[in-house]
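Residue-level structure breakdown
Next come the chains, spelled out residue by residue.
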Amino acid sequence: MAVAMAMASQGLMTSSWQEERKAATIERLWQQFFSDPSQWWDTRFIKRNLKYPDFKHKYGKKALWIDNRFNPPWVHARLAAMVNCQQQERGRSSVLADSIVRMEQLWQEFFSDPSQWWDNRFINKKSSNYPDFEHKSTHEGLWIDGWLNPPWIEGKMAIITSGQLQSDARIRSRAPDSFCNDNLSKLCQEGRLKEALHVLELMLKQNTQAPINTYVVLLKGCAKRKALAEAKQVHTLIIQSGLDSDIFLGNTLVDMYAKCGSVLNARKVFNTMPQHNVFSWTAIISAYADHGQGEEAINLFQQMQQTGIAPDKVTFVVVLKACARTAALEQGKQLHSDIIKCGIESDVVIGNTLINMYAKCDCIKHARQVFNKMSERNVVSWNAMIAGYAQNGLGKEGLGLYEQMKQAGVQPNNVTYGILLKSCASSAALNHGKQLHSDIIRSGFEPDVVVGNTLVDMYAKCGCLEDARQVFNKMIEKDVVSWSAMIAGYVQNGLGKEALALYEQMKNEGVQPNSVTYVILLTSCASIAGLEQGKQLHSDIIRSCCESDVIVGNALVDMYAKCGCIEHARKVFNEMIERDVVSWNSMIAGYAKCGCIDDALELFNNMNERNVVSWSAIIAGYAQNGLGEEALALYDQMKQEGVLPNNVTYVILLNACASIAAVKRGKQLHTDIIRSGFQQDVTVGNTLVDMYVKCGCIEHAHEVFNNMNERDVVSWSTMIAAYAQNGLGKEAMSLYEQMRQEGVQPNSVTYVILLKTCASNLALEWGRQLHLDVIRSGCKSDVSVGTTLVDMYAKCGCIEHACRVFNNMHERDVLSWNVMISGHAQQGLGREALTLLEGMQSEGMIPNAITYVSVLSACSHCGLVDEGRHLFDSMFEDYGVIPTMDHYACIVDLLGRAGCLADAEDFINRMPMQPNVVVWRTLLGAAQHHGHVEIGRHAFDCVMKVEPENDAAYVLLSNTYAAVGQDG
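Quick caveat: nothing in here was measured; it's all calculated off a predicted structure.

This paragraph deals with the packing of aromatic side chains. For the structure on display, the rule yields 24 aromatic pairs. With a centroid separation of 6.3 Å and an interplanar angle of 70°, the aromatic rings of Tyr736 and Tyr751 are classed as edge-to-face. In this pair, Tyr736 sits in helix 39 (residues 729-741) while Tyr751 sits in helix 40 (residues 748-761), placing the two residues 15 residues apart along the sequence. A relative accessible area of 0% means that Tyr736 is categorised as buried. Note on Phe872 and Phe907: the rings are 5.5 Å apart at their centroids and 70° apart in plane angle, and the pair reads as edge-to-face. Here Phe907 lies in helix 49 (residues 901-909) and Phe872 lies in helix 47 (residues 865-879), a separation of 35 residues in the sequence.

Quick look at the structure:
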């Protein structure tokens, strides 16, 4: 009862909200009308019936009715004050006259031959929108009380009584039996369900019994259009006709309600049926299976068997699908046994469904056994087995079966290629993906929009955006999925600006984004903290009427929270018509992200329902705010309350362990992960590797890496980074070679890690080889890869190669310029460093603090004292760069190297902050170089005050005394 009341209350709230929204829309239209009536046609004097609007927009599909119940209260007063739309006076009288003449002609035609007109007056005419008489050929209508009727109509109709007219053999009602049988099916196919229903009501009104097939046609039409309201009307007519006990109609009703999404009504019909056959049971089982209630579907199948009704092939297929969706392996095996007993195991459809069931239940061996025993296989059989391998992380086996499929002479279809490309995308198997692309071109499936979309997705997920965009641009037909896939590719590769630019192009080409597109774009805005772009998207979402979508609402909450606008996030959250557990989780995560951990905890405690994501969100909040121990304590509480962690929970906890170097707790988590079966999850595996690396346990990290069944580009990059960060450059390069041999395409992150390793080890030959690999991979346009290449060549002493790479970069950011300036500074090329600074400024790039450290260092190494001091003095005034300790140390070094020790000491004394050890040690080094004992001794004393155990200072002071022949 409580559930019913809650559902009714929710329905009333939704209805009320819809009415308020409609009223607001109509109010906006009236405001537009009164602001400029010249943009609207005044049709009040030529409208034939109430169906036509009073005012119609000249250029858009906008219409207004004066007597609309949703009109704001001020409309009539405004209309009374405005005599007419003066801008439309010209030409109206002629239109009105033409309309009156045409109406008189129609009435004359009617009275001359009434048999050419349908009489609708006596067939339950629902509203004044329906004409009283309708021409059979032209479908023009006549209303007895029409506004444009000639004056003699009333007298003419008074002479001919309604009874006489109805009994006249020349005029007939609209729906004789022949009309129904010939046209009802066509009306349903065209989606004109209300008209079809009207015809059926007409037949019953005339006491004409419609055949059962008529109801079936209507019910199937309702099912196809998911028209639940019309379907219920048909159901009512069936009951009124006394046909509700017919088993065929009952089965059709069950199937119709299921397809309209009303499983409850389907069950009610099933329960009231006087008898059931195999089709009845199959229909109700299918209803539950198709709506995610697999367990109930299996229970119904068992009840069916208890009644003694034998299942047929379709029943087995439906129940096997239910087992697949619920991972009910034991019931699936029992069904397999029943199928063998029934002797239908050799049926190709049954075989295909068995393969799918076993694959979804993670029994890939059983699936393959079924596949191998099939005497007949079609393309669906091969697809099912390939999909089974892909779903179980066995991409290589799936590709191997694809080769066997071709050898067996079975032509792959678009579904085959879609499965294989998705498998390549998930494992970043770019080489296999490119081979599939070649096969797709040869087989003629390249123009297929679904295949094209999957190709774009595969290339994007493998990090090859140039290839993805090339496929996208070549697509003859692009749907919203195509655009969304390409936009998602940019977002996944951190190119938020490009994603938003493509979105604008999408709108310009007239493609309407859907909720998936908006969620992807909002994710992009969240990742780049693009608040302004996010607000613009929010406006677009409101205009597109997608704001009521709960998934879009959740994405909006997440976007605002990640952009630091927690108040906007809460406002969206509060205004959401429907909130699910994800909505609450997003809000909790938002508070946590903004450091409002108390607010997050309060919201968490107020939740009526908490799932694993809720716990993960609050745990992440503590972890992100540096409260790793508290996050781990919440994990213990979560387990005590019986909530099972998922892969996301473990990733958050492992990151918390890494941040506080809690290797002991990390090992305990590792044990829990193995027990819960998440050890083969690629994301969990990657995070385990990262946790052990950050805790200094390289051997444990390598062991986890080796035990992973599936490794993606992140897995390899994480392990390569572990070796690189621990000074094991050779091992990093060896692992890179192994990665390529296994067909995994490195991405920009991989190349950046390896190039940094080459730079730190001065491994020029490795760096050159990597440079060639970068060019072949298509990553050369990546700004981070280009910058790291410049840095590698510069640190290896190849400044000419560094310049060549730098000059060939299509895009350069501040870091690119900083690396280039620093490279010249390290090579003692101060003048060239200053020239680069000027070039950077001329391109509109704003130098930052690091830029000035590099330039000042270059001036110091080249003795450019005046230039260095001028840059130091102007950097705040020109670009607002506040000098840091590093900048002061550079000036001290600049003056010290030039022998201006007194100026250097004076500069230190005038510093607005307390000099650190580096500043004083720099002065001490300069004093040692120039043999200035007094300043050297003073600098040494200052170092000792801060770091008494600084051995380098003792060495420098000793060398200073030695340089002048004195004993320390």
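To continue, consider the packing of helix 22 (residues 449-461) against helix 23 (residues 465-474). Interhelical geometry of helix 22 versus helix 23 gives an angle of 165° and a closest axis separation of 7 Å. Considering the angle they form, helix 22 stands roughly antiparallel to helix 23. The way helix 22 lies across helix 23 gives a crossing that is left-handed. Residues Gly452, Leu455, Val456, Tyr459 and Ala460 of helix 22 pack against Leu465, Asp467, Ala468, Val471 and Phe472 of helix 23. Looking at side-chain class alone, the contact of helix 22 with helix 23 contains 8 nonpolar, 1 polar and 1 charged residues.

With that settled, the discussion passes to the sheet that holds strand 2 (residues 55-57). Taken in spatial order, the 3 strands make up an open sheet running 1-2-3, and their pairing is antiparallel. Only two strands of the sheet have a single neighbouring strand rather than two, namely strand 1 (40-42) and strand 3 (63-64). Pairing between strand 1 and strand 2: 3 bridges, direction antiparallel. Within strand 2, the position partnered with Trp41 by the bridge is Lys56.

With that settled, consider the confidence of the model for the protein. Summarising the model, the protein shows a mean pLDDT of 83, and 89% of its residues fall at 70 or more. When the elements of the protein are averaged for pLDDT, helix 5 (residues 162-167) gives the smallest value, 41, and helix 11 (residues 263-272) the largest, 93. With pLDDT under 50 throughout, residues 83-95 is counted as low confidence; its partners more than four residues away or in other chains account for 19 contacts. Within the model, the stretch residues 161-182 combines pLDDT values under 50 with 48 contacts to residues more than four positions away or in other chains.

If you trace the backbone, Ser381 turns up in helix 18 (residues 379-391). Within the structure, Ser381 has its side chain in polar contact with the side chain of Asn378 (distance 2.9 Å).

So, about unusual backbone geometry. Residue Ala661 is not a glycine yet carries a positive backbone phi of 55°. Mapped onto the elements, Ala661 comes out in the loop between helix 34 (647-659) and helix 35 (663-676). In this structure, Leu762 is a non-glycine residue whose phi angle is positive, near 50°. Of note, Leu762 is situated in the loop between helix 40 and helix 41 (764-777).

Of note, Ser715 is situated in helix 38 (residues 713-725). A polar atom in the side chain of Ser715 sits 2.5 Å from the side chain of Asn686. Among the polar contacts listed, one links the side chain of Ser715 to the side chain of Asp712, at a separation of 2.8 Å. Look past the residues within four positions of Ser715 in its chain and what remains in contact with it is Val682, Asn686, Phe705 and Met708.

Below, the discussion takes up helix 18. Between its first and last C-alpha atoms helix 18 spans 18 Å; for 13 residues at 1.5 Å apiece the expected length is 18 Å, and the two agree. With 10 of 13 residues buried, helix 18 is to be regarded as a mostly interior element. Residues of helix 18 that are buried: Val379, Ser381, Trp382, Asn383, Ala384, Met385, Ile386, Ala387, Gly388 and Tyr389. Where helix 18 is buried, its residues meet helix 16 (348-360), helix 17 (364-373), helix 19 (395-407) and helix 20 (414-427). A distance of 3.1 Å separates the backbone nitrogen of Val380 from a side-chain oxygen at the start of helix 18, and that oxygen is part of Asn378. Immediately downstream of helix 18, the backbone of Gly393 shows phi near 70°, a positive value.

Let's shift gears to the packing of helix 29 (residues 566-575) against helix 30 (residues 581-593). Two elements in contact, helix 29 and helix 30, have axes whose closest approach is 10 Å; the angle formed by their N-to-C orientations is 165°. For the element pair helix 29 / helix 30, the angle class is roughly antiparallel. The way helix 29 lies across helix 30 gives a crossing that is left-handed. Across from Ile566, Ala569, Arg570 and Phe573 in helix 29, the residues of helix 30 making contact are Ser583, Trp584, Met587, Gly590 and Tyr591. Tallied by class, residues from the contact of helix 29 with helix 30 come to 6 nonpolar, 2 polar and 1 charged.

Turning to helix 51 (residues 933-946), a few remarks are in order. Along an α-helix, residues three or four apart share an orientation, since each turn contains 3.6 residues. Compared with an ideal rise of 1.5 Å per residue, which puts 14 residues at 20 Å, helix 51 spans 20 Å between its outermost C-alpha atoms and is within 8% of the ideal. Restricting attention to buried positions, one finds in helix 51 the residues Val933, Ile935, Gly936, Ala939, Phe940, Cys942, Val943 and Met944.

When you line up the elements, Ser842 lands in helix 45 (residues 830-842). Note on Ser842: relative accessible area 61%, which makes it exposed.

Within this structure, the stated rule accounts for 28 salt bridges. In this structure, Lys507 and Asp540 form a salt bridge, with 3.0 Å as the shortest nitrogen-oxygen distance. Here Asp540 lies in helix 27 (residues 531-543) and Lys507 lies in helix 25 (residues 496-508), a separation of 33 residues in the sequence. We note a salt bridge from Asp893 to Arg897, for which the minimum N-O separation is 2.9 Å. Residue Asp893 and its partner Arg897 are located together in helix 48 (residues 885-897), separated by 4 residues, close to a single helical turn. A relative accessible area of 22% places Asp893 in the partly exposed class. By relative accessible area, which is 46% here, Arg897 ends up partly exposed.

About the thresholds
Residues numbered from 1 in each chain as written. Predicted model: local features only at pLDDT ≥ 70, side-chain atom pairs only at ≥ 80, totals over all residues. Heavy atoms only, no water. Phe/Tyr/Trp six-rings, centres within 6.5 Å; stacked < 30°, edge-to-face > 60°. Helix = DSSP H or I, 4+ residues; strand = E, 2+ residues; numbered from the N terminus. Buried < 20%, exposed > 50% of the residue type's maximum accessible area, 1.4 Å probe, protein only. Axes fitted to C-alpha atoms, helices over the stretch in contact; angles between N-to-C directions. Parallel < 35°, antiparallel > 145°, perpendicular 65-115°, else oblique. Left-handed = near helix turned anticlockwise from the far one by under 90°. Contact = heavy atoms within 4.5 Å. Nonpolar A, V, L, I, M, F, W, Y, C, P; charged D, E, K, R; others polar. Pairing = 2+ DSSP bridges. pLDDT = per-residue confidence, 0-100. Polar contact = N/O pair within 3.5 Å; in protein donor to acceptor, adjacent residues only side chain to side chain. Expected span 1.5 Å × (residues − 1). Salt bridge = Lys/Arg side-chain N within 4 Å of Asp/Glu carboxyl O.

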